[in-house]
Amino acid sequence: DTEVTQTPKHLVMGMTNKKSLKCEQHMGHRAMYWYKQKAKKPPELMFVYSYEKLSINESVPSRFSPECPNSSLLNLHLHALQPEDSALYLCASSQDPPGGAGEKLFFGSGTQLSVL
Amino acid sequence: QKEVEQNSGPLSVPEGAIASLNCTYSDRGSQSFFWYRQYSGKSPELIMSIYSNGDKEDGRFTAQLNKASQYVSLLIRDSQPSDSATYLCAVNNAGNMLTFGGGTRLMVKP
């Protein structure tokens, strides 16, 4: 299994809703990531989990809350989002944490989020 | 600030031609270099990685790295319309995160 699986593929939510994005990998990768990508822009790093612990938070607003229940799963909990948070949210994994030799990122298919 | 620069394009080439995509980076300590392909509305897909100076070939793709000039490029031979996509250059320092360039949009015309 060489895939990173993300659900849902599309999500529309209101500013008062609470929702969660889910990500799963079974490649035994030790690092998992959340990225945000706006149209015609490169991916922007949000969070990194290394060995199931949050290692990097790129000053992301608290309305985004990551969670890593185990080495294969990564969630992103969303609450009180703003319309400008509408974007493609990408999960990725790598064999090794950042800086390691196995740092190639494998991306999931993404969740296209629209906040109304 | 560590930067990775790419021409946003679009780069338009005829089918069958060689497409040449370029990327420059500012941090001399960079050690790992990657090219990702991203189709519109889809996620990035790793197509090449290169770690040492010189050329690395994989099928129709060749990555070229010149650390002295802080330059990495991707050549696509025999370009096909299905190669039309945005190509993202990504660069990593030991201990740091990947930094993505802004991407180059490639259009291959039949």
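Residues numbered from 1 in each chain as written. Chains lettered and ligands numbered in written order. Predicted model: local features only at pLDDT ≥ 70, side-chain atom pairs only at ≥ 80, totals over all residues. Heavy atoms only, no water.

Draft legend 1. View of the interface of chain B and chain A. Taken together, the 20 residues of chain B in the interface contact 18 residues of chain A. Approximately 1,400 Å² of surface area, both sides summed, lies buried where chain B meets chain A, with 63% of it carried by carbon and sulfur atoms. Looking at the side of chain B facing chain A, the largest losses of area belong to Ser43(B), Met97(B) and Phe100(B), adding up to 34% of the total buried there. Taken together, chain B and chain A are joined by zero salt bridges. Remark: the boundary between chain B and chain A carries three residue pairs in polar contact (both at pLDDT 80 or more). The set of elements that each furnish at least two residues to the side of chain B that touches chain A consists of strand S4 (30-38), strand S5 (45-50) and strand S9 (85-93) of chain B. At four residues, S4(B) tops the list of elements feeding residues into the side of chain B that touches chain A. (Contact = heavy atoms within 4.5 Å. Buried area = accessible area lost by both parts, 1.4 Å probe. Salt bridge = Lys/Arg side-chain N within 4 Å of Asp/Glu carboxyl O. Polar contact = N/O pair within 3.5 Å; in protein donor to acceptor, adjacent residues only side chain to side chain. Helix = DSSP H or I, 4+ residues; strand = E, 2+ residues; numbered from the N terminus.)

Draft legend 2. Highlighting the nonpolar core. Counting 23 residues, the largest nonpolar core has Trp35(B), Val72(B), Leu74(B), Ile76(B) and Tyr87(B) as the members making the most contacts within it. Going through the elements one at a time, strand S3 (19-25), S4, S5, strand S7 (61-66), strand S8 (71-76), S9 and strand S11 (104-109) of chain B are the ones with two or more residues in this core. Ignoring sequence-local partners within four residues, the contact set of Val72(B) consists of Leu21(B), Asn22(B), Cys23(B), Phe33(B), Trp35(B), Ile50(B), Gln64(B), Leu65(B) and Cys89(B). Counting residues in hydrophobic clusters, the runner-up holds 22 residues, among them Trp34(A), Cys68(A), Leu76(A) and Ala87(A). (Core = buried A, V, L, I, M, F, W, Y, C linked by side-chain atoms within 4.5 Å. Buried < 20%, exposed > 50% of the residue type's maximum accessible area, 1.4 Å probe, protein only.)

Draft legend 3. Broad picture of empty space enclosed by the protein. All told, the structure shown has two cavities of 30 Å³ or more when counted by the stated rule. In this structure, the second largest cavity encloses a volume near 30 Å³. Taken together, Tyr33(A), Pro98(A), Glu103(A), Leu105(A), Asn92(B), Met97(B) and Leu98(B) form the lining of the second largest cavity. Its residues placed into classes, the lining of the second largest cavity shows five nonpolar, one polar and one charged. (1 Å grid on protein atoms, 1.4 Å probe; cavity = no way out; pocket = protein on both sides within 12 Å on 5 of 7 lines; lining within 4 Å. Points joined across faces, edges and corners; volume = space filled by probe spheres on them. Nonpolar A, V, L, I, M, F, W, Y, C, P; charged D, E, K, R; others polar.)

Draft legend 4. Layout of the pairing of strand S5 (residues 44-50) of chain A. All names here are of chain A. Of all seven residues that make up S5, six are buried, and the element is covered over most of its length. Where strand S4 (residues 31-37) meets S5, six bridges bridge the pair, whose relative direction is antiparallel. Note on S5: the bridge partner recorded for tyrosine 35 is leucine 45. The hairpin turn running from S4 into S5, its antiparallel successor, is six residues long, and lysine 40 in that turn takes a positive phi close to 65 degrees. With four bridges connecting them, S5 and strand S6 (residues 53-57) associate as antiparallel partners. Residue serine 50 lies in a different strand from S6, and its bridge partner there is lysine 53. Where S5 folds back onto S6 in an antiparallel hairpin, the turn is made up of two residues, including tyrosine 51, whose phi is positive at roughly 50 degrees. (Pairing = 2+ DSSP bridges.)

Draft legend 5. Inspection of the packing of aromatic side chains at higher detail. A full pass over the atoms with the stated rule returns nine aromatic pairs over all chains. Pairing Tyr36(B) with Phe100(B) gives two aromatic rings, centres 5.8 Å apart and planes at 55 degrees, and the pair type is tilted. With Tyr36(B) in strand S4 and Phe100(B) in strand S10 (residues 99-100), the pair connects residues that are 64 residues apart, well separated along the chain. Accessibility classification places Tyr36(B) together with Phe100(B) in one group, the buried group. These aromatic residues form a ring-pair network of at least three members: Tyr33(A), Tyr35(A), Phe107(A), Tyr36(B) and Phe100(B). One Lys or Arg, Arg60(B), reaches over the ring of Phe61(B) and ends 5.7 Å from the middle of that ring. (Phe/Tyr/Trp six-rings, centres within 6.5 Å; stacked < 30°, edge-to-face > 60°. Lys NZ or Arg CZ within 6 Å of the ring centre and 35° of its normal.)

Draft legend 6. Fine view of unusual backbone geometry. Cis peptide bonds are those with omega within 30 degrees of zero, and the linkage from Thr7(A) to Pro8(A) qualifies with -10 degrees. Here Pro8(A) shows up in the loop between strand S1 (4-7) and strand S2 (10-13). Note that the residue after Gly9(B), namely Pro10(B), is joined by a cis bond; omega there is 10 degrees. Note that Pro10(B) resides in the loop between strand S1 (4-5) and strand S2 (11-14). For Ser59(A), which is not glycine, the phi dihedral falls at a positive 55 degrees. Locating Ser59(A) in the fold gives a position in the loop between S6 and strand S7 (64-70). On the accessibility criterion, Ser59(A) (71% relative accessible area) is exposed. Positive phi, close to 50 degrees, is recorded for Asp78(B), a residue that is not glycine. Mapping Asp78(B) onto the fold places it in the loop between S8 and S9.

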